[in-house]
Protein chains: 2
Amino acid sequence: MPESPKKYFPLFSRRLKDARIKAGLSQKRLGIEAGIDEFVASTRINRYEKGVHQADEATAILLAHVLGVPLAYFYAEDDSLAEMILGFCQLNRADRNEVLDLVQKKLSPE
Amino acid sequence: MPESPKKYFPLFSRRLKDARIKAGLSQKRLGIEAGIDEFVASTRINRYEKGVHQADEATAILLAHVLGVPLAYFYAEDDSLAEMILGFCQLNRADRNEVLDLVQKKLSPE
């Protein structure tokens, strides 16, 4: 059971900014590539990154697609989970299953 | 780079319903335990599950907390990632690091 929810600087905002900077995109470029009108693109992304506005799921999926990260990455509450989500999603099916087997083994040691 | 975004039945809706049913909670009970007024609790959760309305991040965090799942679980685009997120978040730090090492090894085989 996770700890009771502390006041979060919006997770999505923090992860979005991290991923955008890692991808080397400006706010405007990210917004345009995610299909946002160029005249409002940078303002919109800036508001998402400041937590002023929240992207709906469809927009979040487009942003994740442009940044090459899984949607769930934006909502990873700790950095090791964020790292796991990024890595796991690059694995092929066989490797994923091997990693999942290791997790299951850790969760239910005979 | 993930495939281009297909039309998704809202991910959040699907995962929320799955987690609620797995937890054995009614829509009303889940809503109340997440701090939603009891007179609108079941309608609100029903709308989230139908994708009519979208929970903001603070509400999603409370729902995840009540259901005992990580927030990122709601946004896992495939079931093996969803299973991974659920399992990984139950691991202690040492086991997490071991799993992360395996993922890194798979991503960069010498």
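From a predicted model like this one, the values you see are computed outputs, not experimental measurements.

**Digging into the interface of chain B and chain A**
Opposite the 45 residues of chain B that make contact, chain A presents 45 residues. Surface buried jointly by chain B and chain A totals about 4000 Å² across both partners, of which 69% is contributed by carbon and sulfur atoms. Considering only the surface of chain B that becomes buried against chain A, Glu57(B), His65(B) and Lys106(B) emerge as the three largest contributors, covering 16% of it. Here chain B and chain A share six salt bridges between them. One salt bridge connects Lys106(B) with Glu98(A), and the closest N-O pair in it is separated by 2.7 Å. Ranked by the residues each element gives to the side of chain B that touches chain A, the list is headed by helix H6 (residues 93–107) of chain B, at 10 residues. Considered class by class, the residues forming the side of chain B that touches chain A number 27 nonpolar, eight polar and 10 charged.

**Some details on the UniProt feature "domain: HTH cro/C1-type" (unreviewed entry) in chain A**
Within this numbering scheme, the UniProt entry marks residues 16–74 of chain A as carrying the feature "domain: HTH cro/C1-type" (unreviewed entry). For residues 16–74 of chain A, the end-to-end C-alpha separation is 6 Å, with 66% helix and 0% strand making up the annotated structure.

**Regarding the packing of aromatic side chains**
Counted under the stated rule, the structure contains eight aromatic pairs over all chains. Between the aromatic rings of Phe12(A) and Tyr75(A), the centroid separation amounts to 5.7 Å while the plane-to-plane angle is 35°, which identifies the pairing as tilted. A residue pair is termed long-range when its members are at least 10 positions apart, and Phe12(A) in helix H1 (residues 11–23) and Tyr75(A) in the loop between helix H4 (57–67) and helix H5 (79–88) qualify at 63 residues. We classify Phe12(A) as buried; its relative accessible area is 2%. Between the aromatic rings of Tyr75(A) and Tyr75(B), the centroid separation amounts to 3.7 Å while the plane-to-plane angle is 15°, which identifies the pairing as stacked. Of the two residues, Tyr75(A) is situated in the loop between H4 and H5 and Tyr75(B) in the loop between helix H4 (57–67) and helix H5 (79–88); the pairing between them involves two chains. A relative accessible area of 6% means that Tyr75(A) is categorised as buried. Taken together through their ring pairs, the aromatic side chains of Phe12(A), Tyr73(A), Phe74(A), Tyr75(A), Phe12(B), Tyr48(B), Tyr73(B), Phe74(B) and Tyr75(B) make up a single cluster. The ring of Tyr73(A) has Arg15(A) sitting right over it, with the charged end atom 5.8 Å from the ring centre.

**Considerations on the packing of H5(A) against H5(B)**
Interhelical geometry of H5(A) versus H5(B) gives an angle of 155° and a closest axis separation of 11 Å. Looking at the two axes, H5(A) sits roughly antiparallel to H5(B). For H5(A) against H5(B), the interelement crossing comes out right-handed. In this structure, H5(A) contributes Ser80(A), Leu81(A), Met84(A), Ile85(A) and Phe88(A) to the contact, and H5(B) contributes Ser80(B), Leu81(B), Met84(B), Ile85(B) and Phe88(B).

**Describing H6(B)**
Because each turn of an α-helix spans 3.6 residues, side chains separated by three or four positions in sequence point in the same direction. With 15 residues, H6(B) extends 21 Å between its outermost C-alpha atoms, agreeing within 8% with the 21 Å of an ideal straight helix rising 1.5 Å per residue. Along H6(B), the positions that sit buried rather than exposed are Asp95(B), Arg96(B), Val99(B), Leu100(B), Leu102(B) and Val103(B). Along H6(B), the residues classed as buried sweep out an arc of 155° about the axis, all on the same side. The exposed set on the far side of H6(B), more than 90 degrees from its buried face, consists of Arg93(B), Ala94(B), Asp101(B) and Lys105(B). Packing partners of the buried residues in H6(B) comprise H5 and helix H6 (93–107) of chain A together with H5 of chain B. Capping of H6(B) at its N-terminal end is provided by Asn92(B); its side-chain oxygen lies 3.1 Å from the backbone amide nitrogen of Ala94(B).

What counts and how
- In this numbering scheme, every chain counts its residues from 1 along its sequence in written order.
- As a convention, the first chain written is A and the first ligand written is 1, with the rest following in written order.
- Totals for whole chains, interfaces and linings use every residue, but because this is a predicted model, local features are given only for residues with pLDDT of at least 70 and side-chain atom pairs only at 80 or more, for both listing and counting.
- Side-chain measures were taken over the full set of non-hydrogen atoms in the model, leaving aside hydrogen atoms and water.
- The contact criterion used is simple: two residues touch if any of their non-hydrogen atoms lie within 4.5 Å.
- Values labelled buried area give the accessible surface lost by two parts on being combined, using a 1.4 Å probe and summing over both.
- Put simply, a salt bridge is a Lys or Arg side-chain nitrogen that is within 4 Å of an Asp or Glu carboxyl oxygen.
- Each helix corresponds to a stretch of at least 4 residues labelled H or I by DSSP, and each strand to a stretch of at least 2 residues labelled E; elements are numbered beginning at the N terminus.
- Three classes are used, and their members are as follows: Ala, Val, Leu, Ile, Met, Phe, Trp, Tyr, Cys and Pro are nonpolar, Asp, Glu, Lys and Arg are charged, and the others, Gly among them, are polar.
- UniProt positions are given in the numbering used here, feature names are shortened, and annotations may be inferred rather than shown by experiment.
- Classification of ring pairs uses Phe, Tyr and Trp, with its six-membered ring standing for Trp, and accepts pairs whose centres are within 6.5 Å; under 30 degrees between planes counts as stacked, over 60 as edge-to-face, and the remaining range as tilted.
- Type-normalised accessible area, obtained with a 1.4 Å probe on protein chains alone, sets the label of each residue: buried when under 20%, exposed when over 50%, and partly exposed for intermediate values.
- Either the NZ atom of lysine or the CZ atom of arginine qualifies as a charge over a ring when it sits within 6 Å of the ring centre and within 35 degrees of the ring normal.
- With axes taken as lines fitted to C-alpha atoms, and helix axes fitted only over the stretch in contact, angles between N-to-C directions fall between 0 and 180 degrees.
- Under this scheme an angle from 65 to 115 degrees is roughly perpendicular, one under 35 degrees roughly parallel, and one over 145 degrees roughly antiparallel; angles in between are oblique.
- Handedness of each helix crossing follows the sense of rotation of the near helix against the far helix: counterclockwise by less than a right angle gives left-handed, clockwise gives right-handed.
- Helix span is expected to be 1.5 Å times the residue number reduced by one.
- Throughout, the arc means the angular range of directions from the helix axis out to the C-beta atoms.
- For this analysis, a polar contact is any N or O atom pair within 3.5 Å, provided that within protein one partner can donate a hydrogen and the other can accept it, and provided that sequence-adjacent residues contribute only side-chain to side-chain pairs.

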